Amino acid sequence: GAVVSQHPSRVICKSGTSVKIECRSLDFQATTMFWYRQFPKQSLMLMATSNEGSKATYEQGVEKDKFLINHASLTLSTLTVTSAHPEDSSFYICSATRTVQETQYFGPGTRLLVL
Amino acid sequence: GDSVTQMEGPVTLSEEAFLTINCTYTATGYPSLFWYVQYPGEGLQLLLKATKADDKGSNKGFEATYRKETTSFHLEKGSVQVSDSAVYFCALLSGSARQLTFGSGTQLTVLP
């Protein structure tokens, strides 16, 4: 159990367009989902924490109007990169937990390339 | 604040060699400790965890013991395989925080 999927796995888009990334918990209900960004050969940087039915909490320095997060159900959270630019190119990874203190289970990641 | 310091890589070993990747932490309270593994082009997979002092997490031949006195959670494996080549992340979840704090990651390459 505890499988998290992400879609798409890879996306290439033109500068100025918006891209939506989905994160789903397949076999459990996730009260909390996390969105991370990872640059090549670096650790994960937490972008935001989202709880089902409420607004996401963004980390310092992360633009909430650029990275829109929606956690509409207990099995789905979405990250929309609005008006994407080449510097937004990165590997985006989500994770999900059943409860606050439980282990985070990670999705396989989405590689975004903005041309 | 909470922090995790991980042995810098890259680490290159021959198959069947002994592996140690050091990890130390600073945190308030009594954190839970984790090792995650990331294979090329993929997300993170939980490798093992320990939730209290002296607990030993183990999985797939890997082990790590939660040492409160030395604030450490070193990852070990007695005999590595080529398929163990990946990036390994040490992480903690403190009692008060709801988010993981990651170390910088250690790239392991095992040569046949």
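Note: the structure precedes this text.
Looking at the environment of V11 of chain B
All names here are of chain B. Residue placement: V11 occurs in strand β2 (residues 11-14). Counting along the chain gives 96 residues from V11 to Q107, while the straight-line C-alpha distance between them is 6.1 Å. Not counting residues within four places of it along the chain, the set of residues in contact with V11 comprises T106, Q107, L108 and T109.

Some details on the nonpolar core
The biggest cluster of nonpolar side chains holds 26 residues, and the ones touching the most others in it are W35, Y58, F67, I69, L79, Y92 and L112 of chain A. Elements supplying a minimum of two residues to this core: β2 (10-13), β3 (19-25), β4 (32-38), β5 (44-51), β7 (67-73), β8 (76-81), β9 (90-97) and β11 (110-114) of chain A. Apart from the residues lying within four places of it in its own chain, the contact partners of Y92 of chain A are Q6, I21, Y36, R37, M47, F67, L79, G109, T110 and L112 of chain A. The next biggest cluster of nonpolar side chains, apart from the first, holds 25 residues, and it includes V11, W35, L92 and L108 of chain B.

Points about the state of the cysteines
According to the stated counting rule, one finds two disulfides over all chains in the structure shown. A sulfur-sulfur separation of 1.9 Å characterises the disulfide bridge that pairs C23 of chain B with C90 of chain B. Torsion about the S-S bond of the C23 of chain B and C90 of chain B cystine: about -70 degrees, corresponding to left-handed handedness. One end of the pair, C23 of chain B, is in strand β4 (residues 23-26); the other, C90 of chain B, is in strand β10 (residues 86-93), with 67 residues separating them in the sequence. In this structure, C23 of chain B and C90 of chain B share a single accessibility class: buried. No disulfide involves C13 of chain A; its sulfur sits 18 Å from the nearest other cysteine sulfur, which is in C94 of chain A.

A word on the pattern of salt bridges
Across all of its chains, the model carries five salt bridges over all chains by this definition. E63 of chain B is the partner of K56 of chain B in a salt bridge, and the nearest nitrogen-oxygen pair spans 3.6 Å.

Digging into the sheet that holds strand β7 (residues 56-59) of chain B
Residues and elements named next belong to chain B. Taken together, the four strands give an open sheet; going across it, the order is β3-β9-β8-β7, and neighbouring strands pair in antiparallel fashion. Pairing within the sheet leaves two strands with one partner each, and these edge strands are β3 (19-21) and β7. Averaged over all adjacent pairs, the angle separating strand axes in this sheet is 15 degrees, with direction ignored.

Things to note about the sheet that holds β3 of chain A
Residue and element names in this part refer to chain A. Spatial ordering of the open sheet is given by β1-β3-β8-β7, a layout of four strands whose pairing is antiparallel. Looking at which strands have only one partner, the edges of the open sheet turn out to be β1 (4-7) and β7. Adjacent strand axes in the sheet meet at a mean angle of 15 degrees, parallel and antiparallel pairs treated alike. The pairing of β3 with β8 spans six bridges and is classified as antiparallel. Each bridged residue has a counterpart across the sheet, and for I21 the counterpart in β8 is L79.

Focus: the interface of chain B and chain A
Between chain B and chain A, the residue contacts involve 20 residues of the former and 22 residues of the latter. Taken over both partners, the interface formed by chain B and chain A buries close to 1,500 Å², and the fraction arising from carbon and sulfur atoms is 50%. Its largest share of buried area at the contact with chain A, chain B owes to L44, R98 and Q99 of chain B, together 37% of the area lost on that side. Taken together, the connections running from chain B to chain A amount to zero salt bridges. Summed over the shared surface of chain B and chain A, the result is five residue pairs in polar contact (both at pLDDT 80 or more). Class assignment of the residues belonging to the side of chain B that touches chain A gives a composition of nine nonpolar, eight polar and three charged.

Let's talk about the packing of aromatic side chains
Under the defined criterion, the tally for this structure stands at 11 aromatic pairs over all chains. Centre to centre, the rings of F28 of chain A and Y105 of chain A are 6.1 Å apart; their planes meet at 65 degrees, and the pair counts as edge-to-face. Linking F28 of chain A in the loop between β3 and β4 with Y105 of chain A in strand β10 (residues 105-106), this pair joins segments that are 77 residues apart in sequence. The class of F28 of chain A is buried, set by a relative accessible area of 6%. For the ring pair F106 of chain A and Y36 of chain B, a centre distance of 5.0 Å and an interplane angle of 80 degrees mean the geometry is edge-to-face. Residue F106 of chain A is found in strand β10, and its partner Y36 of chain B is found in strand β5 (residues 32-38); the two belong to separate chains. Here F106 of chain A and Y36 of chain B have matching classes, each one buried. Through a chain of ring-to-ring contacts, the aromatic side chains of Y36 and F106 of chain A together with F34, Y36, F89 and F102 of chain B assemble into a single cluster. Over the face of the ring belonging to F28 of chain A we find R98 of chain A, whose NZ or CZ atom lies 5.0 Å from the ring centre.

Criteria and cut-off values
- Residues numbered from 1 in each chain as written.
- Chains lettered and ligands numbered in written order.
- Predicted model: local features only at pLDDT ≥ 70, side-chain atom pairs only at ≥ 80, totals over all residues.
- Heavy atoms only, no water.
- Helix = DSSP H or I, 4+ residues; strand = E, 2+ residues; numbered from the N terminus.
- Contact = heavy atoms within 4.5 Å.
- Core = buried A, V, L, I, M, F, W, Y, C linked by side-chain atoms within 4.5 Å.
- Buried < 20%, exposed > 50% of the residue type's maximum accessible area, 1.4 Å probe, protein only.
- Disulfide = S-S within 2.5 Å.
- Salt bridge = Lys/Arg side-chain N within 4 Å of Asp/Glu carboxyl O.
- Pairing = 2+ DSSP bridges.
- Axes fitted to C-alpha atoms, helices over the stretch in contact; angles between N-to-C directions.
- Buried area = accessible area lost by both parts, 1.4 Å probe.
- Polar contact = N/O pair within 3.5 Å; in protein donor to acceptor, adjacent residues only side chain to side chain.
- Nonpolar A, V, L, I, M, F, W, Y, C, P; charged D, E, K, R; others polar.
- Phe/Tyr/Trp six-rings, centres within 6.5 Å; stacked < 30°, edge-to-face > 60°.
- Lys NZ or Arg CZ within 6 Å of the ring centre and 35° of its normal.

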